[in-house]
Amino acid sequence: MPAVFGECMELHKIGDEKASREDAGGYRPLKGQAVPSVLRDLRSLSGKQVLDLVLQNESPRDLVQRLSEDDFYWMVKKVGEEDCLHLLELASEEQWQYLLDVEIWQKDRIDLLDTGQWLLRLYRADPRRLVRWLFEEANDLAYFYLFKNIEVKVKGDDEIEELRDGYISLDGVLYVKVLNQADREIIEGILRTMADEDFLRYQALLTGLAGLLPAEAEEELYRLRNVRLAEHGFLPFEEALCIYTPLAPESLKRGQIPELIESYLDEEIRNMVPVAPLFHTGIENLLMRVVHGTGDPVFLDRLRMEFAGLCNQILCADGLSVEDFDDLIRVCRKAAGYLNLALERLSGDRMDSAEDVLRRNSLVSLFRVGFGLAVKVKWEAERWVSGSWFHRQGLHLDFWGEQWGGVLKGLLADRPKLYVGLEAGEEYRDFEWLSELGECMTVLKRVMALDGLLGEVVQRYSPEGNIPPYSSEALTFYPLLFNIWARVILGFEPSFSEISFEEAKRFFGLLREAEKAPPYELPGFEEAFVSDFMAYATQMDTKTIALLRETLRLIWQEFVEEYRWVSLEDLDGRYCRFIILRPDSGSAPP
């Protein structure tokens with residue numbers, strides 16, 4: 001089910017929270033904005049509070065029907081599907097149609113179960129108006145739903161005995177049987193109300209079911225639904241995917257700024273401009289600085305409309321099912337993040353230049369440029385992995401450790417992501433800043449250099465150039481460095497062989513000879529560690545050698561940090577990720 005972005009909607013509180021939200025890069029009201037309080041506070045209110053505010057309004061029906069279809073949909077979701085009958089009663093038929101368009105479809109097929117549930121809610125909210133609507137605007141839906149759920153027989157008085165149990169008739173001629181007993185309440189209720197409302201139309205509807213071609217009827221319903229949703233910025237899945245087609249920055253427009261229609265002069269038209277998505281980026285980036293700083297209402301309206309359409313297209317392309325406002329905010333942040341990548345790349349963080357880029361180009365084009373910048377790093381990672389030493393060894397990305405392996409997994413995803421650990425409850429998120437892409441590229445180059453080093457070392461000290469079959473199930477690159485170096489420090493022949501627990505204790509004892517108590521900083525050994533391995537980097541260029549040296553220093557600092565406070569008595573081979581011990585060599589007691 002595609003998600004919906006509200007029009008003229010603001011879900012963050014203003015007032016006392018305004019300053020803190022601005023400091024956090026969140027909400028800042030745009031010039032000339034007017035938002036109903038029930039929508040402004042929608043996110044912070046409970047469903048019951050939202051419903052109470054609507055019903056306590058002087059004219060609740062007018063309040064609800066003046067909402068855009070998008071805003072009404074989100075209000076229904078906030079109140080809850082089973083508690084929204086009052087809202088359905090107050091809503092317009094156009095809002096009903098929009099609700100069904102986004103709720104009852106699974107890709108290109110109608111979900112009959114969901115359709116029955118929503119029709120039942122509408123029937124309980126306003127049965128007469130529902131029937132009139134099914135007779136008129138939603139006639140095609142009525143035909144299709146009834147065709148799939150009932151069986152109709154035409155019998156005379158002398159043929160009644162031939163009918164099996166389960167049939168009902170309101171005229172003694174047309175007998176109806178509900179095929180699915182779970183839908184009996186809604187179908188029989190609708191049919192009785194139809195007959196009471198307009199008996200001739202009721203009979204025409206039932207007799208017309210025999211001539212319905214269900215496949216063609218569903219295809220036509222799908223076509224009409226797509227036409228209606230296109231007005232809100234939704235596209236079919238296949239068309240929406242073009243949002244992820246990378247676009248080179250050089251392809252953007254550089255010419256004259258297009259003229260914009262001054263829609264803001266018509267208040268009714270301006271009220272149709274979506275507002276909420278641009279308020280929920282959750283980040284104060286270059287895009288939002290332009291939005292907050294512009295004094296051109298026409299330009300601002302254009303950004304609002306394009307941004308809402310962009311977010312809806314992303315949701316269609318991602319095939320997401322939105323259950324709450326957090327999903328909406330995540331997509332808004334994703335759109336704003338890739339737009340910011342493009343603006344940073346094209347404007348150099350200059351606000352006047354960024355505004356000029358925004359005026360000359362569509363947001364869809366800029367999103368594709370931003371996404372293309374991330375894809376370039378992904379392609380670089382893919383090219384390297386395919387010919388890398390670790391890949392030829394049959395190792396997985398976890399070989400590079402939690403942090404670097406996580407970065408590589410994010411880059412190599414179908415749509416590249418930034419690895420953030422468990423920041424804000426998520427392991428990966430979309431890129432938002434050029435600096436994040438730069439950090440990932442640096443990690444990639446570090447791993448590339450380290451991969452080349454390990455290939456040289458393994459080729460020299462391992463038979464046939466393969467790593468030994470360590471007993472550790474979760475092998476990382478650390479033991480390939482520290483096992484061989486530990487053997488050198490201990491005076492053994494260089495090899496990748498496992499060492500015993502006692503040898504490991506002696507190794508740490510040698511490193512800590514100059515220190516009597518924690519924290520152990522291991523002075524003097526960092527340069528030895530780096531120099532010993534740099535001796536193998538004879539085939540690398542100057543830049544790679546410098547990066548490798550820096551990378552080895554980072555690895556050493558990790559090693560020092562891991563054991564800074566660990567005494568020799570507390571060493572335990574079961575938790576030693578830098579050195580692999582022989583399984584039969586003993587370990588510290590648990």
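Residues numbered from 1 in each chain as written. Predicted model: local features only at pLDDT ≥ 70, side-chain atom pairs only at ≥ 80, totals over all residues. Heavy atoms only, no water.

## Focus: the overall build of the protein chain
Broken down by element type, the protein chain carries 28 helices and seven strands. Looking at the protein chain residue by residue over its 590 residues, the buried ones come to 50%. Look at the contacts in the protein chain between residues 6 or more apart in sequence, and 73% of them connect residues 24 or more apart. (Helix = DSSP H or I, 4+ residues; strand = E, 2+ residues; numbered from the N terminus. Buried < 20%, exposed > 50% of the residue type's maximum accessible area, 1.4 Å probe, protein only. Contact = heavy atoms within 4.5 Å.)

## Considerations on the pairing of strand 5 (residues 174–178)
Of all the five residues making up strand 5, four are buried; the element is thus mostly covered by neighbouring parts of the structure. Pairing of strand 3 (residues 150–154) with strand 5 involves five bridges; the strand directions are antiparallel. Bridge pairing links Val154 to Leu174 in strand 5. Here strand 4 (residues 167–169) pairs with strand 5 via three bridges, running antiparallel. In the sheet register, Ile168 faces strand 5, and the bridge partner there is Val176. Where strand 4 folds back on strand 5, the antiparallel hairpin that results is connected by four residues, among which Gly172 adopts a positive phi of roughly 80°. (Pairing = 2+ DSSP bridges.)

## Some words on the pattern of salt bridges
Throughout the structure, instances matching the rule amount to 42 salt bridges. The shortest N-O distance in the salt bridge between Glu81 and Lys77 comes to 2.7 Å. Here Glu81 falls in the partly exposed class, since its relative accessible area comes to 29%. A salt bridge links Arg201 to Asp198; the shortest N-O distance between them is 3.9 Å. Given the relative accessible area of 37%, Arg201 is considered partly exposed. (Salt bridge = Lys/Arg side-chain N within 4 Å of Asp/Glu carboxyl O.)

## What about the packing of helix 24 (residues 434–461) against helix 28 (residues 542–563)?
Packing of helix 24 against helix 28 leaves a shortest axis separation of 9 Å and a crossing angle of 90°. Considering the angle they form, helix 24 stands roughly perpendicular to helix 28. Across the interface between the two elements, Lys445, Arg446, Ala449, Leu450 and Leu453 from helix 24 touch Thr544, Leu547, Leu548, Glu550, Thr551, Leu552, Leu554 and Ile555 from helix 28. Across the contact of helix 24 with helix 28, the residue classes break down as eight nonpolar, two polar and three charged. (Axes fitted to C-alpha atoms, helices over the stretch in contact; angles between N-to-C directions. Parallel < 35°, antiparallel > 145°, perpendicular 65-115°, else oblique. Nonpolar A, V, L, I, M, F, W, Y, C, P; charged D, E, K, R; others polar.)

## Here's the deal with the side chain of Asp114
Summarising the element assignment, Asp114 is placed in helix 8 (residues 112–125). One buried charged residue, Asp114, forms no salt bridge at all, with the nearest opposite charge on Arg121 at 6.9 Å. When sequence neighbours within four positions are dropped, the list of residues in contact with Asp114 reads Glu103, Ile104 and Gln106. (Lys, Arg positive; Asp, Glu negative; His and termini not counted.)

## With respect to the nonpolar core
Residues Trp400, Leu450, Leu481 and Leu552 are the most contacted members of the largest nonpolar core, which totals 177 residues. Among all residues touching Leu552, those that are not within four sequence positions of it are Leu450, Leu453, Leu481, Phe529, Val530, Phe533 and Met534. (Core = buried A, V, L, I, M, F, W, Y, C linked by side-chain atoms within 4.5 Å.)

## Quick notes on the packing of aromatic side chains
Applying the stated criterion across every chain, the model contains 38 aromatic pairs. An angle of 55° between the planes, with centres 4.6 Å apart, marks the rings of Tyr478 and Phe578 as tilted. Here Phe578 lies in the segment after helix 28 and Tyr478 lies in helix 25 (residues 478–489), a separation of 100 residues in the sequence. Phe578 shares its class with Tyr478; the two are buried. Judged by centre distance (5.3 Å) and plane angle (35°), the ring pair of Phe529 and Trp556 falls under tilted. Of this pair, Phe529 sits in helix 27 (residues 525–534) while Trp556 sits in helix 28, placing them 27 residues apart in sequence. With a relative accessible area of 0%, Phe529 lands in the buried category. Of note, Arg512 hangs over the ring of Tyr520, and the distance from its end group to the ring centre comes to 3.9 Å. (Phe/Tyr/Trp six-rings, centres within 6.5 Å; stacked < 30°, edge-to-face > 60°. Lys NZ or Arg CZ within 6 Å of the ring centre and 35° of its normal.)

## Quick notes on the sheet that holds strand 4
A sheet is described by the order of its strands in space; here three strands give the open sequence 3-5-4, paired in antiparallel fashion. One side of each edge strand has no neighbouring strand; the edge strands of this open sheet are strand 3 and strand 4. Shown here is a sheet whose adjacent strand axes are inclined to one another by a mean of 30°, direction ignored. In this fold helix 12 (residues 199–208) packs onto strand 3 and strand 5, with an angle of close to 65° to the strand it touches most, strand 5.

## A look at the confidence of the model for the protein chain
Here the protein chain averages 85 in pLDDT, and 85% of its residues register 70 or above. Ignoring residues within four places in sequence, the model shows residues 1–35, a span with pLDDT below 50, making 124 contacts including any to other chains. (pLDDT = per-residue confidence, 0-100.)

## Brief notes about the side chain of Gln97
With respect to the helices and strands, the residue Gln97 is situated in helix 7 (residues 93–103). With a relative accessible area of 16%, Gln97 lands in the buried category. Setting aside chain neighbours within four positions, we find Gln97 in contact with Trp133 and Arg228.

## Brief notes about unusual backbone geometry
In this structure, Pro519 follows Pro518 across a cis peptide bond, with omega equal to 5°. Relative to the helices and strands, Pro519 is located in the loop between helix 26 (501–511) and helix 27. Residue Lys107 is not a glycine yet carries a positive backbone phi of 60°. Residue position: Lys107 is located in the loop between strand 1 (105–106) and strand 2 (109–110). At Leu522, a residue that is not glycine, the phi angle is positive and equals roughly 55°. Relative to the elements of secondary structure, Leu522 occurs in the loop between helix 26 and helix 27. For Leu522, a relative accessible area of 6% puts it in the buried group.

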